[in-house]
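# A look at the structure
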Amino acid sequence: LDLSSSFQCLDEINQLSFSFPKRNKDGVRNYQLAAVDDCGEVHIPSECIPQSIVSQQSPISSKHTVLHHAEPGSHTIASSAVFRPRVNGMYVASGGTDCMVKLFDVTKPKRATSSIHIKPAESENTTQLCNPPFIHSLQWSPSGRLLAAGVGDGSCVILRGEGNRLVEIGRLGYDEGGHGSAVAAVCFPGFGSSALTTNPTNSVEAEDRLLISAGNDSKILFWDLGGNMVDGDALDPLRYLGGCSDVNEQAKKKDNELQDTTEAMKSATISPKKSKSKNKKKGKTNHQHKAASSDDDLFMNDLLPSPPKVLFQIPHHHKPNWITCSRASSDALPSSVFVADTTNDISIYSLPTS
């Protein structure tokens, strides 16, 4: 099946992206497909692609929508474009060699609704200082709230979608235990699907904390974005990645340091003598003492720092070009990472999940 006439791209295609599936009136799941090219454009056929696309023998449509990521007269290459899931309407985020991340409303394609210029990372790592922050890869989180960008200076930029706007909320760089060279690909996997069955909220936000990045340093890093960056019903990834034995020792050390900091905060914040005197004066019962203690614990839990950290890494030994993942609910190769690299092979890493 040749879809070339549907996209009408004039230069090399860098990525194809599927939208989140939507059902029509007949219950058939339909998709949109976008192609991003070296001309700095994102091409989207106007008609939806039915699930039975493989059985068709002709192009979908000659009509299509063009989103112009590159400014007129520039030589910007558009390297990545992804549909935003779980939102009303249709939004596409794009990135390119202009170090810009843009958000488009496909129904109003003339100009982006939001544009974020990614500045060079502030780091002592010479790789990050020398390489410009070109956007190599983009990926939305399962809930559609967060957008991760793999950047040429070795960092991962995290943005939050607020309506038709993008806001930069964090950066995962070399100083946070990240990559020593450019990030080629980022991915939010669906490994938490099995844990959602035991989660009372059963929210798609539960999977927003786990991010995978692949860099030119041949490392595949598994990040916990942390509760400080990801609020809501997001689950701690270690709740469903408990079977992974290659835990980063540096992350353990940081956890111990955070625990020591928390104990110091408790000692400095809660004074047993004052609490005892105050309770005695008011004549509180033992039950009231326990309730007050529980309130203090809840208050301290809200103050616990939960910054982003590397949970573990996989040394791949070859430069990755792209990564994608299968969900935990997949019948074949569940909870697996697929890596396309500079060789002719596609490597598969299957992770134990609980």
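Residues numbered from 1 in each chain as written. Predicted model: local features only at pLDDT ≥ 70, side-chain atom pairs only at ≥ 80, totals over all residues. Heavy atoms only, no water.

Check the secondary structure of the protein and you find seven helices and 22 strands. A fraction of 59% describes how many contacts in the protein between residues 6 or more apart in sequence connect residues 24 or more apart. With the model as given, the accessible surface of the protein reaches about 18500 Å², and the carbon-plus-sulfur share is 51%. (Helix = DSSP H or I, 4+ residues; strand = E, 2+ residues; numbered from the N terminus. Contact = heavy atoms within 4.5 Å. Areas by Shrake-Rupley, 256 points an atom, 1.4 Å probe, with all protein chains shown as cover.)

This brings us to unusual backbone geometry. Not every positive phi belongs to a glycine, and Gln 8 is a case in point at roughly 55 degrees. On the secondary structure map, Gln 8 appears in the loop between helix 1 (4-7) and strand 1 (13-18). By relative accessible area, which is 34% here, Gln 8 ends up partly exposed. The backbone of Ser 335 shows a phi angle near 50 degrees, a positive value even though the residue is not glycine. Of the residues examined, Ser 335 reaches a relative accessible area of 2% and is grouped as buried. (Buried < 20%, exposed > 50% of the residue type's maximum accessible area, 1.4 Å probe, protein only.)

The buried fraction of strand 9 (residues 91-96) amounts to six of the six residues, a majority that puts the element mostly inside the structure. Burial along strand 9 is two-sided: the residues Tyr 91, Ala 93 and Gly 95 and Val 92, Ser 94 and Gly 96 are all buried. Pairing of strand 8 (residues 78-83) with strand 9, which is carried by five bridges, proceeds in the antiparallel orientation. From the neighbouring strand, Ala 81 faces strand 9, where its bridge partner is Ser 94. One ladder, built from five bridges, connects strand 9 with strand 10 (residues 100-105); its direction is antiparallel. Paired with Val 92 across the bridge in strand 10 is Phe 104. Here strand 9 folds back onto strand 10 in antiparallel fashion, the turn holding three residues, of which Cys 99 has a positive phi close to 60 degrees. (Pairing = 2+ DSSP bridges.)

Attention now goes to the packing of aromatic side chains. Applying the stated criterion across every chain, the model contains two aromatic pairs. Each ring, one from Phe 18 and one from Tyr 31, has its centre 6.0 Å from the other, and the planes form 85 degrees; the classification is edge-to-face. Taken as a pair, Phe 18 in strand 1 and Tyr 31 in strand 3 (residues 29-31) lie far apart in primary sequence, 13 residues in all. The interplanar angle of 20 degrees and the centroid separation of 4.3 Å between the aromatic rings of Phe 222 and Phe 312 together place this pair among those described as stacked. (Phe/Tyr/Trp six-rings, centres within 6.5 Å; stacked < 30°, edge-to-face > 60°.)

Overall, antiparallel pairing links the three strands, which are arranged 20-21-22 in an open sheet. Looking at the sheet topology across the chains shown, the edges are occupied by strand 20 (320-325) and strand 22 (346-350). Each strand of the sheet is rotated relative to its neighbour by a mean of 20 degrees, with strand direction disregarded. Taken together, the five bridges between strand 21 (residues 336-341) and strand 22 define a ladder with antiparallel strand orientation. Bridged to Ser 336 within strand 22 is Ser 350. (Axes fitted to C-alpha atoms, helices over the stretch in contact; angles between N-to-C directions.)

A few words now on the confidence of the model for the protein. Here the protein shows a mean pLDDT of 80. Residues at 70 or above account for 71%. Counted against residues more than four places away or in other chains, residues 196-202, with its pLDDT under 50, gives nine contacts. Overall, residues 289-303 carries pLDDT values under 50, and its contacts beyond four positions in sequence, including any with other chains, amount to seven contacts. (pLDDT = per-residue confidence, 0-100.)

All right, on to the nonpolar core then. Within soluble globular proteins, side chains that are nonpolar generally end up buried alongside one another. Ranked by size, the top nonpolar core spans 20 residues in total, and within it Phe 191, Ile 212, Ile 220, Phe 222, Leu 241, Ile 323 and Val 337 carry the most contacts. Mapped onto this core, the elements with two or more residues apiece are strand 16 (183-187), strand 17 (210-215), strand 18 (219-224), strand 19 (309-315), strand 20 and strand 21. Ignoring sequence-local partners within four residues, the contact set of Ile 212 consists of Ala 185, Val 186, Cys 187, Pro 189, Phe 191, Ile 220, Leu 221, Phe 222, Ile 323, Cys 325 and Val 337. (Core = buried A, V, L, I, M, F, W, Y, C linked by side-chain atoms within 4.5 Å.)

With that settled, consider the sheet that holds strand 13 (residues 146-151). Pairing within the open sheet is antiparallel, and its four strands lie in the order 12-13-14-15. The open sheet has two edge strands with one neighbour each: strand 12 (135-140) and strand 15 (165-172). Between one strand and the next, the sheet's axes are offset by a mean angle of 25 degrees, whatever the strand orientation. Note that strand 14 (residues 156-162) and strand 15 share seven bridges and pair antiparallel. Bridge assignment links Ile 158 to a residue of strand 15, and that residue is Gly 170.

Before going further, it helps to spend a moment on the side chain of Ser 141. When you line up the elements, Ser 141 lands in the loop between strand 12 and strand 13. Under the relative-accessibility criterion, Ser 141 is labelled buried at 0%. Residues in contact with Ser 141, not counting those within four places in the same chain, are Pro 85, Leu 146, Phe 188 and Asp 208.

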